[in-house]
Amino acid sequence: MNKIVLSVEGLTKIYSNKQKQNKALNDITFSVKQGEVFGLLGPNGAGKTTFLSILAGTVEKTQGKINVWGFDLDKNPRQVRASIGIVPQEVNLDAFFSPKSLLELQAGLYGVTKKDRITNIILKMVSLEKQANSYSRSLSGGMKRRLLIAKAMVHQPPVLILDEPTAGVDVDLRKNLWSNVKELNKEGVTIILTTHYLFEAQEMCDRIAIIDKGNLVALDTTKKLLERISTKKLVLKVDSLDNIKHLAIDGFKFEIIDDKTLSIMYEKSSNKFQLLLQYFNKIGIKITDIHTDDGDLEDVFVELTKN
Ligand code: ADP
């Protein structure tokens, strides 16, 4: 069995000020296994930043236990921080430093001795070896993001945390960034990421935790979460609906989109597709094309967080 690299047990955070108390995390429990790409998803205000800030040591938890790479956050906070690399949302790089000197500086801040530094290897991992000595300000947006990942890797943490790494990044750059992250994952780095792009989480993550208003509302493999979607949608192109006023069969919801297109929804588990074909045969409608939509993570997400 894979080693547990992060365990969170009964984690609660209450922000208190004079007027009121705000429970940002409510008794959260989950763990992440070595080698996983784990997604932490939730709408705004869910508590994601609070969780990452507790890990980073900038916010103090109210209750619960956190263990990273075998180190307890209460007893060994420094080792916990040494075991994680956090890639921030904001690009905040010193424009006049080169990637190489930035990484050297960062390694120094982490107390990595010169002989233990792997600056060139890291630059290669994030495909920036050619830009090693250019000014950071001359890098493209995607390169800057990759440099942020490199910065988080200087102390070779076993766990890399990406906080909304592709917010505001265009589609091509996003793909490029993800292939870099996947490479790191292949090298054995466990990845934890928060993202608003559910499609991305669906593509990238082995398992996903969904939090909403501080509560853990789902924790499962991406595959199992997708299996929760119970309705299937079909869009049919037909020869003509001109003479059809009304369509009805038990268990199906029809919607006529135009005189040649209609959408149909039904329960996946009902296995009634055959019935639908027989019905169309009977009323003389010929199907010319069919498009099926099994739903995506967004449907699960909306369902779980709709209140
Ligand atoms: P997310 O990152 O998922 O959007 P946050 O962790 O930022 O969520 O916020 C979770 C909840 O905690 C929100 O209700 C937010 O208003 C509240 N919160 C966050 N930071 C503070 C703070 N410093 N003081 C009081 N309440 C806060």
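Look up a bit, the structure's there.
Since this is a predicted model, take the numbers as computed values, not measurements.

Considerations on the nonpolar core
Okay, step 1: Ranked by internal contacts, the top residues of the largest apolar core, which has 42 residues, are Leu-41, Leu-147, Ile-149, Leu-160, Ile-191, Ile-208 and Leu-297.
Okay, step 2: Looking at this core, the element that brings in the most residues is helix H5 (residues 141-152), giving five residues.
Okay, step 3: Counting only domains with at least three residues in this core, you end up with domain 1 (4-226) and domain 2 (231-305).
Okay, step 4: When neighbours within four sequence positions are excluded, Ile-149 is seen to be in contact with Val-87, Val-126, Leu-160, Leu-162, Leu-177, Val-181 and Leu-184.

Observations regarding the packing of aromatic side chains
Okay, step 1: With the rule as written, the count across this model stands at seven aromatic pairs.
Okay, step 2: Through a chain of ring-to-ring contacts, three or more aromatic side chains come together here, namely Phe-252, Phe-254, Tyr-266, Tyr-279 and Phe-280.
Okay, step 3: Of note, Lys-3 hangs over the ring of Trp-69, and the distance from its end group to the ring centre comes to 3.8 Å.
Okay, step 4: Lying across the ring of Tyr-15, Lys-13 places its NZ or CZ 5.0 Å from the centre.

Things to note about the sheet that holds strand E9 (residues 207-212)
Okay, step 1: The strand order across the open sheet formed by six strands is E6-E7-E8-E3-E9-E10, and the pairing between neighbours is mixed. Edge positions in the open sheet fall to strand E6 (84-87) and strand E10 (215-221), since each of these has one partner strand only. Strand-to-strand, the axes of this sheet are offset by a mean angle of 15 degrees, without reference to chain direction.
Okay, step 2: Of the strand pairs in this sheet, strand E3 (residues 37-41) and E9 are connected by four bridges, and their pairing is parallel. Pairing of Gly-39 across the sheet is with Ile-208, part of E9.

A closer look at the pattern of salt bridges
Okay, step 1: The full count for this structure, using the stated rule, is 10 salt bridges.
Okay, step 2: Taking the shortest distance from any N to any O, the salt bridge between Lys-65 and Asp-72 comes out at 3.5 Å.
Okay, step 3: With relative accessibility at 41%, the residue Lys-65 sits in the partly exposed group.
Okay, step 4: Of the residues examined, Asp-72 reaches a relative accessible area of 11% and is grouped as buried.
Okay, step 5: Close ionic contact of Lys-223 with Glu-227 constitutes a salt bridge, the shortest N to O distance being 3.4 Å. One end of the pair is Lys-223 and the other is Glu-227, both in helix H8 (residues 222-227) and four residues apart, which spans about a single turn. Side by side, Lys-223 and Glu-227 carry an identical accessibility label, which is exposed.
Okay, step 6: Where salt bridges share partners, they join Lys-61, Lys-65, Asp-72 and Asp-74 into one cluster.

Calculation criteria
Residues numbered from 1 in each chain as written. Predicted model: local features only at pLDDT ≥ 70, side-chain atom pairs only at ≥ 80, totals over all residues. Heavy atoms only, no water. Core = buried A, V, L, I, M, F, W, Y, C linked by side-chain atoms within 4.5 Å. Buried < 20%, exposed > 50% of the residue type's maximum accessible area, 1.4 Å probe, protein only. Helix = DSSP H or I, 4+ residues; strand = E, 2+ residues; numbered from the N terminus. Domains from an automatic or database assignment. Contact = heavy atoms within 4.5 Å. Phe/Tyr/Trp six-rings, centres within 6.5 Å; stacked < 30°, edge-to-face > 60°. Lys NZ or Arg CZ within 6 Å of the ring centre and 35° of its normal. Pairing = 2+ DSSP bridges. Axes fitted to C-alpha atoms, helices over the stretch in contact; angles between N-to-C directions. Salt bridge = Lys/Arg side-chain N within 4 Å of Asp/Glu carboxyl O.

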